[in-house]
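# Structure assessment
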Amino acid sequence: MRDLQGIDSLLLNELKSCCAKEYNFLPREAGLNLIESTSPEIHSGVSAKCRDGKVEELRSLTSFFGYRTQTFVQAVNLLDRFLTIMKVQPKHVPCIGVCCLHIAAKMVEEESNVSPTHELIRISQSRFTVSDLNRMEKIISEKLSVDPDMVTALTFLHLYHSAIGSLFGEREEIPSIGRLEAQLKACLCRLVFSKAKPSVLALSLIAQEFEVLQSATLLKIIQQFQKHLKIGDSELLHWKELVTKCMMEYRSSECNKPDNKKLVWIVSRRTAQSLQTYHFSVPGLPTIPEMSWDESESEDSCEDLSSVDSSPCGSLGSDGEGAFFPSLFHH
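Residues numbered from 1 in each chain as written. Predicted model: local features only at pLDDT ≥ 70, side-chain atom pairs only at ≥ 80, totals over all residues. Heavy atoms only, no water.

### Description of the side chain of Glu22
Assignment of secondary structure puts Glu22 in the loop between helix 1 (9–21) and helix 2 (29–37). Discounting residues that sit within four places of it in the chain, Glu22 has contacts with Val151, Phe156, Lys197, Pro198 and Ser199. (Helix = DSSP H or I, 4+ residues; strand = E, 2+ residues; numbered from the N terminus. Contact = heavy atoms within 4.5 Å.)

Right, here's the structure in full:
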């Protein structure tokens, strides 16, 4: 039986070191239980549905801006930790969520890749202002330990994957780190996985993948990691079953149904007025008679159509005039 002796000792030491630090970045369990027990109909507290919906939006924003998985994972960690120590009203969650993503992006991404705050607010279609975001960022930074080296499930996922890769190389079929990261992001959209220790959640993701591969050798490595990090069988089994259930639901047809919500275009006041004027002023196009094609008329028609510079599919708020959002954000 292959053990962990073939793994670099520095990697094993880092695993143990991260295990000792992971408790510093866990959301409060009492706060998570309170969120779970809060009904979505109650507007005085944040429910699991409200939290999960916001995390889904953060995942979409992460993809839109091309941010790394680490940015998303750290943003969710900040969001959960803040929601479990502060009494928050649902109407403030959008500002908190976007702020957590912005804080994480500044810690993880290259400075040139970090979206400006006004652009982040505009794309997220939020109703708060840049000054609201700046104030919220200060509050979150004061309440939490905002550490760029925070230990998350992604930290362990990369350590496990590197260790397994160093042991087997190409001799065993190992899931790609991209696939595992995608599964982790799907799990983090469910509040229940915020209760798992990062080391256990990451190992559960890898274990359920190894079970699908039906590789006895790889499953034995999971047992070695359990022994090395003192993770009990029952604890790993519990979270592995939840991960498997989450992945089954994630791949189901229910998750692939198109969203029935209408798309909302954010445009400036001047653009909206010009579009409305254009809508009522466009004359009907003449009918092109069949069997009589005039090349010169065709060229004129193309020129007329190309001269129209207003389009509902243009860039959002490209003329830079008018207020994108209400000027007041009610606290």
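### Side note on the nonpolar core
Residues Ile140, Tyr160, Leu184 and Phe225 are the most contacted members of the largest nonpolar core, which totals 84 residues. Residue contacts for Leu184: discarding those within four places in its chain leaves Val73, Ala153, Leu154, Leu157, Leu201 and Leu205. (Core = buried A, V, L, I, M, F, W, Y, C linked by side-chain atoms within 4.5 Å. Buried < 20%, exposed > 50% of the residue type's maximum accessible area, 1.4 Å probe, protein only.)

### Here we look at the pattern of salt bridges
Evaluation of the coordinates by the stated rule reveals 13 salt bridges. The salt bridge involving Arg68 is made with Glu109; its shortest N-O contact spans 3.8 Å. Of this pair, Arg68 sits in the loop between helix 3 (48–65) and helix 4 (69–83) while Glu109 sits in the loop between helix 5 (93–108) and helix 6 (117–123); the two residues are 41 residues apart in sequence, bridging distant segments of the chain. Residue Arg68 is classed as partly exposed on the basis of its relative accessible area of 41%. What makes Glu109 buried here is its relative accessible area of 9%. Close ionic contact of Glu249 with Arg190 constitutes a salt bridge, the shortest N to O distance being 3.0 Å. (Salt bridge = Lys/Arg side-chain N within 4 Å of Asp/Glu carboxyl O.)

### Some thoughts on helix 9 (residues 177–188)
For helix 9, spanning 12 residues, the distance from its first C-alpha to its last is 16 Å, which sits close to the expected 16 Å at 1.5 Å a residue. For helix 9, every residue scored as buried is listed here: Leu180, Glu181, Gln183, Leu184, Ala186, Cys187 and Leu188. The inward-facing, buried residues of helix 9 abut helix 3, helix 4, helix 8 (153–168), helix 10 (198–213) and helix 12 (233–251). (Expected span 1.5 Å × (residues − 1).)

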